[in-house]
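What follows is each chain in one-letter form.
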Amino acid sequence: MQLIQETPDLSAYLAAGEAIDHHHPLVRETAARLAAGAADSYDYARAAFEFVRDAIPHSQDSGDLRVTWRASDVLEQGTGICYAKAHALAALLRAEDIPTALCYQNLGVVHGLVAVRFDGAWHRQDPRGNKPGVDARFSLDGERLAFVPDAASGEADCPVLYAAPHPVVLNALEAAPDRPYLWRTLPTAL
């Protein structure tokens, strides 16, 4: 699949916003801590991915009822669903000047991922969090995502790389008072 930038302006994939608030002190502190142990930007990107994947539980897996959507809130509260975890990873990567896009899969409901730009190419990553049957890994040599869409069931990858969270996703997150409500209102299409 060929990934398509929503905008040709690469600086859009470094920008801060309400959900990807990489200028927030907690995001900056977390990024600095992770960067201190990294040899280079590749190593940092892997460390940031593994931190979000492993240290911030997916709220469905952990049973946490809270809904987070802003990157700083995800880091502060230590919980989030796929979209929120993607926002946190995008913020951490952008904090260290690594162009990062938000991207999605339709798996019956919309699933959130990120794509990082290295060596002139985009590489999708899924910080959702591993569990039995899910083994997502950071990779620049072929995708190691949590899920592979089943085309026979109508599932598909969305090729568009968004600079900001898709409004449908952000609206669902912002409107949800808790995860059970969010589960009933998850977007099924973009």
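No experiment lies behind these values; they were computed from the predicted model shown.

## Describing the packing of aromatic side chains
Tallying each qualifying case throughout the model produces 4 aromatic pairs. For the cation-ring pair, R179 lies above W183, with the distance from its terminal atom to the ring centre recorded as 5.8 Å.

## Description of helix α2 (residues 41–55)
Counted at 1.5 Å a residue, the expected span for α2 with its 15 residues is 21 Å, and the 20 Å between its end C-alpha atoms agrees. Where α2 is concerned, the buried positions are Y44, A45, A48, F49, F51, V52 and R53. Contacts made by the buried residues of α2 are with α1 (25–36), α4 (71–77), α5 (82–95), β3 (110–118) and β4 (121–125). The distance from a side-chain oxygen at the start of α2 to the backbone nitrogen of Y42 is 3.2 Å, and the residue carrying that oxygen is D40.

## Some thoughts on the side chain of H166
By the secondary structure assignment, H166 is in the loop between β6 (160–161) and α6 (167–175). For H166, the side chain forms a polar contact with the main-chain nitrogen of V168, separated by 3.1 Å. If we ignore the near neighbours within four places in the chain, the residues touching H166 are Y104 and L190.

## Considering the pairing of strand β2 (residues 100–106)
Regular strands show a simple pattern: their side chains alternate between the two faces of the sheet. Of all 7 residues that make up β2, 6 are buried, and the element is covered over most of its length. One ladder, built from 7 bridges, connects β2 with β3; its direction is antiparallel. Residue pairing across strands places A101 opposite A115, the latter belonging to β3. Linking β2 to β3, which pair antiparallel, is a turn of 3 residues; within it G108 sits at a positive phi near 95°. Relative to strand β5 (residues 156–157), β2 is paired through 2 bridges, and the arrangement is antiparallel. Note on β5: the bridge partner recorded for N106 is A156.

Rules used throughout
- Residues numbered from 1 in each chain as written.
- Predicted model: local features only at pLDDT ≥ 70, side-chain atom pairs only at ≥ 80, totals over all residues.
- Heavy atoms only, no water.
- Phe/Tyr/Trp six-rings, centres within 6.5 Å; stacked < 30°, edge-to-face > 60°.
- Lys NZ or Arg CZ within 6 Å of the ring centre and 35° of its normal.
- Helix = DSSP H or I, 4+ residues; strand = E, 2+ residues; numbered from the N terminus.
- Expected span 1.5 Å × (residues − 1).
- Buried < 20%, exposed > 50% of the residue type's maximum accessible area, 1.4 Å probe, protein only.
- Contact = heavy atoms within 4.5 Å.
- Polar contact = N/O pair within 3.5 Å; in protein donor to acceptor, adjacent residues only side chain to side chain.
- Pairing = 2+ DSSP bridges.

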